[in-house]
Amino acid sequence: MFPKPLASLQPNTYEYESLPMVKATGFREYDARWLFEKEINLMGMQALGMGIGTLMHERDIRPEIVVGHDFRSYSSTIKNAVMNGLMAAGIKVHDIGLALSPMAYFAQFALDVPAVAMITASHNDNGWTGVKMGIDRPLTFGPDEMGRLKEIVLNAEFNLKGGGSYTFVEGFPDLYIKDLTNRAKLKRPIKIVAACGNGTAGAFAPKVLEMIGAEVIPLDAELDHTFPNYNPNPEDMKMLHALRDKVLETGAEVGLGFDGDGDRCGVVDNEGEEIFADKVGVMLARDISALHPNSQFVVDVKSTGLFNTDPVLLANGAKTDYYKTGHSYIKRRVTELNAIVGFEKSGHYFFNAPIGRGYDDGLVSALAILDMLDRNPDKTMADLRRDLPQTFGSPTMSPHCEDEVKYEVVDRVVAKFKDMQAKGETVGGQKIVDLITVNGVRVVTEDGTWGLVRASSNKPELVVVIESPVAKDRLHEMFKAVDGVLRQNPEVGDYNQTL
């Protein structure tokens, strides 16, 4: 009998070494994230593995799973604990070792294994750990699976039938790299900077990009789990600024930045301009819809309004569906609508056939960007950016808000904006013409300026994004107005970055 997990334990005690600790808030909407040793211990990670195995039996999934880990000082140890739990539940484990998240997703197809558990905290700071899971390739868990997994683990409802086994898949990265590079080379050696933030992507990204014919200048590609320069997160302005500086120093045609587990790609153009991922998505959508007329796209609610208004996309017959933010949500929506690509402002891109297999892979995104440049030899990345209708957008801004209250705070904010709309009140001096509440609230004013507030799915934060098609002043006015509503809630703390 395995003990029922406790919400907290004191480190350096007998109990900490003898009982599982699992804080309930670590079960997010579509994956799991905890501060290791503060919110979960190794026995807690073992319990998580038991829970995944039990859920697989409940859902009648063939009892085999791919497991990999990202490059952090503790990820391999955590993976071993999760694998112990999986094997106790009777699951055959295929360990692919150090990996990118998309490498683990690819392994489900290459090894014909139905399930995946990737040990990664993605772009979160050191100290965090987590698991991205799926039992229905190419999909990852959504709220239904996460809710049931939470019940199983916290109530110790384990089915520990035993009989599991372990296999280490030697040399698996070679299969992944071969799959990515088994294609035509670029027509010319596009000069690029590949920034990896000393994270997992450094072991794979520069090599793949060189093999398809790019001239690669690596930046912080040496593996160092202390992340000495900046957190590997292509939404982090410090990473983007370092990438910008290297692009300008070397005269590169484009800078590509990869996050900690390699499922996202950020972009800096040849003039050092940091292009937010949703705008890169519009550029890619233009390129792809020209090759595939009447393309269906999916984007998250944080993304630019250009997907619905861009004249080139409209001329190509492209259709776009705005949906909930989150890699699992967009992935599912792409599959449901058989969309050719799904784009998230965070940089998760989900390329479906004929480009990809429906999951998010930062290297597939990078290859699509290079192919776009290859197909437009007379235009630079900056030219393609300037071709878009101008809008003024904010970075993704995240004020602190504890996990236990963040959804309640967002509900209050939604109710406030609904009340303001009903009373005919203005936001930033403009009338509210639309409230999109599929995921938090996106407040749209009569001149097209909008502001979004939602709860982060993986950190104790809210998410705020602002865009104006009119002027930078309107961007700032909208931010001030949205922030003013937020400040009515004392639980909302400081931002990680602002305008």
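Presented here is an overview of the structure given in this document. Model, not experiment: these values are computed from the prediction. Residue indices begin from 1 for each chain and proceed along its sequence in written order. The predicted nature of this model means local features are confined to residues of pLDDT at least 70 and side-chain atom pairs, given and counted, to a pLDDT of 80 or more, with totals for whole chains, interfaces and linings taken over all residues. Only hydrogens and water are removed before side-chain values are computed, so all heavy atoms of the structure are retained for them.

Let's shift gears to the packing of aromatic side chains. What describes a pair of aromatic rings is the distance from one ring centre to the other and the angle between the planes of the rings. Two rings from Phe, Tyr or Trp (for Trp, the six-membered ring) form a pair when their centres are within 6.5 Å of each other. A pair whose planes differ by under 30 degrees is stacked, one over 60 is edge-to-face, and the rest are tilted. Taken as a whole and assessed by the stated rule, the structure comprises 14 aromatic pairs. Summarising the aromatic geometry, the rings of Phe343 and Tyr349 are spaced 5.0 Å apart at their centres and angled 85° between planes, so their arrangement reads as edge-to-face. Comparing Phe343 with Tyr349 shows no difference in burial state: the two are buried. The ring centre of Tyr105 lies 4.5 Å from the NZ or CZ of Lys331, which sits over that ring. Two conditions define a charge located above a ring, namely a distance within 6 Å from the ring centre to NZ of Lys or CZ of Arg, and an angle within 35 degrees of the ring normal. Positioned over the ring face of Phe276 is Lys345, at 4.5 Å from the centre of the ring. The cut-offs for exposure are 20% and 50% of the maximum accessible area for each residue type, with area from a 1.4 Å probe on protein chains only; residues under the lower value are buried, those over the upper are exposed, and the others partly exposed.

Bringing the environment of Glu425 into the picture now. For Glu425, the location among the structural elements is in the loop between α15 (403-422) and β17 (426-427). Among the residues examined, Glu425 registers a relative accessible area of 32% and is labelled partly exposed. Between two residues, a contact is recorded if the distance between any of their heavy atoms is within 4.5 Å. Glu425 has contacts with Met420 and Ile432, leaving out every residue within four places of it along the chain. Secondary structure elements are taken from DSSP: a helix is a run of H or I of four residues or more, a strand is a run of E of two residues or more, and numbering for both begins at the N terminus.

Here the focus is the packing of helix α4 (residues 101-110) against helix α6 (residues 172-181). Running from N to C, α4 and α6 point in directions that differ by 90°, and their axes come no closer than 10 Å. Classified by the angle their axes make, α4 and α6 are roughly perpendicular. Of the residues in α6, those in contact with Pro102, Met103, Phe106, Ala107 and Ala110 of α4 are Phe172, Pro173, Leu175, Tyr176 and Asp179. All residues other than Ala, Val, Leu, Ile, Met, Phe, Trp, Tyr, Cys, Pro, Asp, Glu, Lys and Arg, Gly among them, are scored as polar; the first ten of these are nonpolar and the last four charged. By residue class, the composition of the contact of α4 with α6 is nine nonpolar, no polar and one charged. Between N-to-C directions, angles span 0 to 180 degrees; the directions come from axes that are lines fitted to C-alpha atoms, helices contributing only their stretch in contact. Roughly parallel covers angles under 35 degrees, roughly antiparallel covers those over 145, roughly perpendicular covers 65 to 115, and oblique covers all other angles.

Moving on, we come to the sheet that holds strand β16 (residues 392-393). Pairing between strands requires that DSSP locate at least two bridges from one strand to the other. The sheet built from six strands is open, its strands ordered β16-β21-β20-β19-β18-β17 with antiparallel pairing. Looking at which strands have only one partner, the edges of the open sheet turn out to be β16 and β17. When strand β20 (residues 450-455) meets strand β21 (residues 462-468), the two strands line up antiparallel, connected through six bridges. The residue of β21 that forms the bridge with Gly451 is Ile466. Taken strand by strand, α15 contacts β17, β18 (430-436), β19 (441-445), β20 and β21, and its axis lies near 130° from that of β18. Relative to β21, helix α16 (residues 472-486) is tilted by about 150°, and along the sheet it contacts β16, β17, β18, β19, β20 and β21.

Here we take up the pattern of salt bridges. By definition, a salt bridge exists where a carboxyl oxygen of Asp or Glu is found within 4 Å of a side-chain nitrogen of Lys or Arg. For the structure on display, the rule yields 43 salt bridges. In this structure, Asp261 engages Lys132 in a salt bridge whose closest nitrogen and oxygen atoms are separated by 2.8 Å. Taken together, the residues span a long stretch of sequence, with Asp261 in the loop between β9 (254-258) and β10 (265-269) and Lys132 in strand β5 (residues 128-134) at a distance of 129 residues. Residue classification places Asp261 among the buried residues on the basis of a relative accessible area of 0%. The residue Glu271 makes a salt bridge to Arg385 at a minimum N-O spacing of 3.3 Å. Taken as a pair, Glu271 in the loop between β10 and β11 (274-275) and Arg385 in helix α14 (residues 381-386) lie far apart in primary sequence, 114 residues in all. Here the salt bridges share partners, and the residues they tie into one network are Asp269, Glu271, Asp383, Arg385 and Arg386.

Within the secondary structure layout, Gly85 lies in helix α3 (residues 75-88). Given a relative accessible area of 0%, Gly85 falls into the buried group. Here the alpha-carbon distance between Gly85 and Leu160, two residues 75 residues apart in the chain, equals 8.7 Å. Other than its neighbours up to four places away in sequence, Gly85 contacts Gln46, Gly49 and Met50.

Take the sheet that holds strand β12 (residues 296-300) next. Hydrogen bonding along the main chain pairs the strands of a sheet, whether they run parallel or antiparallel. Taken together, four strands build an open sheet; the order of strands is β13-β12-β14-β15 and the sheet is mixed. Each edge of the open sheet is held by one strand with a lone partner, namely β13 (319-323) and β15 (349-351). On average, each strand axis in the sheet is inclined to that of its neighbour by 15°, with strand direction left out of account. Alignment of strand β14 (residues 341-343) against β15, held across three bridges, turns out to be antiparallel.

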